[in-house]
Amino acid sequence: MDMSRIVDCHNHSCRSFDGVPSVMWLARTAAERGLGGIAITDHCEINVQGKEKLWSFRRLRKSAQEALRAREKGFNVLCGVELGQPTYHPETAKRVPDIADYDIVLGSIHYLRDGRDFYYLKYTDGSCDPAKIYDQYLDEVLRMAEESDFDVLAHLTYPLRYIYGRDRVQLDMTRYEEKYTRILTTLVQRGKALEINTSGTRRENGFLMPDTRLVRKFRELGGKHITLGSDTHKPDQIAAGLTEGARQALAAGFTEAVYFRNRQPVSYRLN
């Protein structure tokens, strides 16, 4: 796989609450590892009270300014944001794309409306019903797909990283087929891209999000655009799993991936 074609569309700098590397370090390391480009997509997490505080907006502006400086130094850096839970407080979410001249906006669901984060839930001790939690997650993803302003649906199947990948709880995935179809059909109808998120490959019992079957289903429903994203938060994670992600895209029938510039898709070949 020619890494020089691949643009990593999902990365977090120290401007994210859980990120470590600087924007310039990410840009320089992406170039050193032979990537064609990198998007800086720091977190903007919105809760039901809309309390994405002003300091968070200032932090995101700083991230965008640093991405621009890296671009001016000759690195192929895209300016982006990961917009978490935009449907929880639409008025706040609508302000986010205006923070900077973004190239790419990712849409994500990281926790439920009651504030329970999928990462912190324990799926084996009886304190929650994993099947119900996953149902609620897909309901929120569908609502976001229908209503929100974003370019790429990030890490579809995200809670499985913890339900199955960490806690080894098996779900009957057939019960979610109708919801998957509705989500993917909505993405197609709205011209949105689907991300192949490779962060799961860094974990024991790891997997790509979503799996090949869902990526293929997206294509069969008429989906045109997929992106590749390592979801980097730490220095050793940059570009991890992107080769596996590209191979999955090819196995699902895609010959091209995209990145976004000025919020418009730009295609590149995978083979």
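Here, the structure is the one placed above.
Report on the accompanying structure. Please read all numbers here as calculations on a predicted model, not as lab measurements.

Per the counting criterion, the structure on display carries 14 salt bridges. In this structure, the salt-bridge partner of Asp151 is Arg263, at a minimum N-O distance of 3.0 Å. Within this pair, whereas Asp151 is found in the loop between helix H4 (130–147) and strand E5 (152–153), its partner Arg263 is found in the loop between strand E8 (256–261) and strand E9 (264–269), the two being separated by 112 residues in sequence. A salt bridge links Glu177 to Lys217; its shortest N-O distance comes to 3.3 Å. Highlighted residues: Glu177 in helix H6 (residues 177–190) and Lys217 in helix H7 (residues 212–220), separated in sequence by 40 residues. Residue class for Glu177 comes out partly exposed when judged on its relative accessible area of 24%.

Where H6 meets H7, the closest approach of the two axes is 9 Å, and the angle between their N-to-C directions is 45°. Classified by the angle between their axes, H6 and H7 sit oblique to one another. Relative to H7, the crossing made by H6 is right-handed. Here Glu177, Tyr180, Thr181, Leu184, Leu187 and Val188 of H6 lie close against H7, whose contacting residues are Arg213, Leu214, Lys217 and Phe218.

Our focus in this paragraph is unusual backbone geometry. In this chain, Met209 is followed by Pro210 through a cis amide linkage whose omega measures -5°. Counting through the fold element by element, Pro210 comes out in the loop between strand E6 (193–197) and H7. The residue Thr157 is not glycine, and still its phi comes out positive at about 85°. Looking at the element boundaries, Thr157 is found in the loop between E5 and helix H5 (160–163). Residue class for Thr157 comes out buried when judged on its relative accessible area of 4%. One non-glycine residue, Arg168, adopts positive backbone phi at about 60°. Checked against the element boundaries, Arg168 lands in the loop between H5 and H6.

Calculation rules
Residues numbered from 1 in each chain as written. Predicted model: local features only at pLDDT ≥ 70, side-chain atom pairs only at ≥ 80, totals over all residues. Heavy atoms only, no water. Salt bridge = Lys/Arg side-chain N within 4 Å of Asp/Glu carboxyl O. Helix = DSSP H or I, 4+ residues; strand = E, 2+ residues; numbered from the N terminus. Buried < 20%, exposed > 50% of the residue type's maximum accessible area, 1.4 Å probe, protein only. Axes fitted to C-alpha atoms, helices over the stretch in contact; angles between N-to-C directions. Parallel < 35°, antiparallel > 145°, perpendicular 65-115°, else oblique. Left-handed = near helix turned anticlockwise from the far one by under 90°. Contact = heavy atoms within 4.5 Å.

In short, shape yes, function no, at least from these values alone.
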